[in-house]
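# Chains, contacts and geometry: an overview
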Amino acid sequence: MNATRLTRRQALATAAGAALAFSPALGALASGEKRRFRISACDWSLGQAGNPEALRVAAEIGLDGVQVSFGAPGAPNDLRNEAARGRYGEAARQHGVEIGSLAMGILNSIPYASSPEAEKWVEDCVDVMSKMSQKVVLLAFFGSGDINGRPELQQEVIARLKKVAPAAEKAGVSLGIESWMSAEDHLRILDAVGSPAVRVYYDVANSEKMGYDIYKEIRLLGSERICEIHCKENDSLLGKGRVDFVKVREAVNDIGWSGWLVLEGAMGKGMGVVESYTLNQRFLRSVFSTE
């Protein structure tokens, strides 16, 4: 539509439609807000990174939601763009699946600690989250963005998070750090930033791979410091690998945490995504009551 010929009534209708796409009511699909736990999956694990098609796949699997990628500007479904947000909102309504959270995997290749672009993109994401009624974004620190054991990079991350934290607090959103660091190192960063908007995005398989005590770490971090949990295995389905999810549930119970449990990895040998993740979500529901 030609913007110069848009009537006031049309403009109001367009704005109302965009607001409806991510209204609080829509975010409560399937009475999700009344549940202690909800189950989603990363859009990249579903083979649909940055694509609203991820919500259809999630519905086929029986998931409650999807963790959606927030990337560099100019992508086909760049969430900075109102039309792209509308496509996700429409997919959510059509398939009855929520957008549970956002994730900035782009920071693995464009490091937050050193890239001016990445710092700006996190600021962009905080603004977009308000428009999408989102509460959590994962900030990834792997690959080129790894800060584990690198205090000089950690200090830069602290400085940058201090700058963006007030905007995140005002928007009521959480910036979740996911990295190879231990719970103790994560806590040192969170304490240095000093903002409730900066939290830990906890990944059980990453911690197991690093040799950390998952169940002790969850208790050490506590409910207020964990924004979401990646439920992952690197080489098997959930329940058939190295992570004891019953003990994860016990630790989560001890700290009184509730929120999204997000599937990542955990592919069965010779299985596709739909088959693997159908089994994974059933397993999680058997361990974590989602009623």
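Residues numbered from 1 in each chain as written. Predicted model: local features only at pLDDT ≥ 70, side-chain atom pairs only at ≥ 80, totals over all residues. Heavy atoms only, no water.

Chain-level statistics for the protein chain give a pLDDT mean of 91 and a share of 88% at 70 or above. Note on residues 1-20: pLDDT is under 50 here. Beyond four places in sequence and across chains, it has eight contacts. The low-confidence segment residues 24-32 (pLDDT under 50) makes 19 contacts with residues lying over four places distant or belonging to another chain. (pLDDT = per-residue confidence, 0-100. Contact = heavy atoms within 4.5 Å.)

Further remarks concern the pairing of strand β3 (residues 98-104). Of all seven residues that make up β3, seven are buried, and the element is covered over most of its length. Of the pairings in the sheet, the one linking strand β2 (residues 65-69) to β3 comprises five bridges and is parallel in character. Directly across from Gly65, in β3, lies its bridge partner Glu98. By the bridge criterion, three bridges tie β3 to strand β4 (residues 136-141) in an arrangement that is parallel. Bridging across to β4, Met104 finds its partner in Leu139. Once you follow β3 into helix α4 (residues 116-132) and on to β4, the crossover reads as right-handed. (Buried < 20%, exposed > 50% of the residue type's maximum accessible area, 1.4 Å probe, protein only. Helix = DSSP H or I, 4+ residues; strand = E, 2+ residues; numbered from the N terminus. Pairing = 2+ DSSP bridges. Right-handed = clockwise from strand over helix to strand, strands pointing away.)

All told, the structure shown has one cavity of 30 Å³ or more when counted by the stated rule. What lines the largest cavity is simply Glu178, Ser179, Trp180, Met181, His186, Tyr201, Tyr202, Asp203, Asn206, Ser207, Tyr212 and Glu217. Tallying contributions element by element places strand β6 (residues 198-203) first for the lining of the largest cavity, with three residues. Its residues assigned to classes, the lining of the largest cavity shows five nonpolar, four polar and three charged. (1 Å grid on protein atoms, 1.4 Å probe; cavity = no way out; pocket = protein on both sides within 12 Å on 5 of 7 lines; lining within 4 Å. Points joined across faces, edges and corners; volume = space filled by probe spheres on them. Nonpolar A, V, L, I, M, F, W, Y, C, P; charged D, E, K, R; others polar.)

The strands that make up a sheet are held in pairs by hydrogen bonds between backbone atoms, and each pair lies either parallel or antiparallel. Strand order around the closed barrel formed by eight strands is β1-β2-β3-β4-β5-β6-β7-β8, with parallel pairing between neighbours. The sheet shows a mean angle of 30° between the axes of neighbouring strands, direction not considered. Along the sheet, helix α10 (residues 273-287) contacts β1 (37-42), β7 (226-233) and β8 (259-265); its crossing angle with β8, the most-contacted strand, is approximately 145°. (Axes fitted to C-alpha atoms, helices over the stretch in contact; angles between N-to-C directions.)

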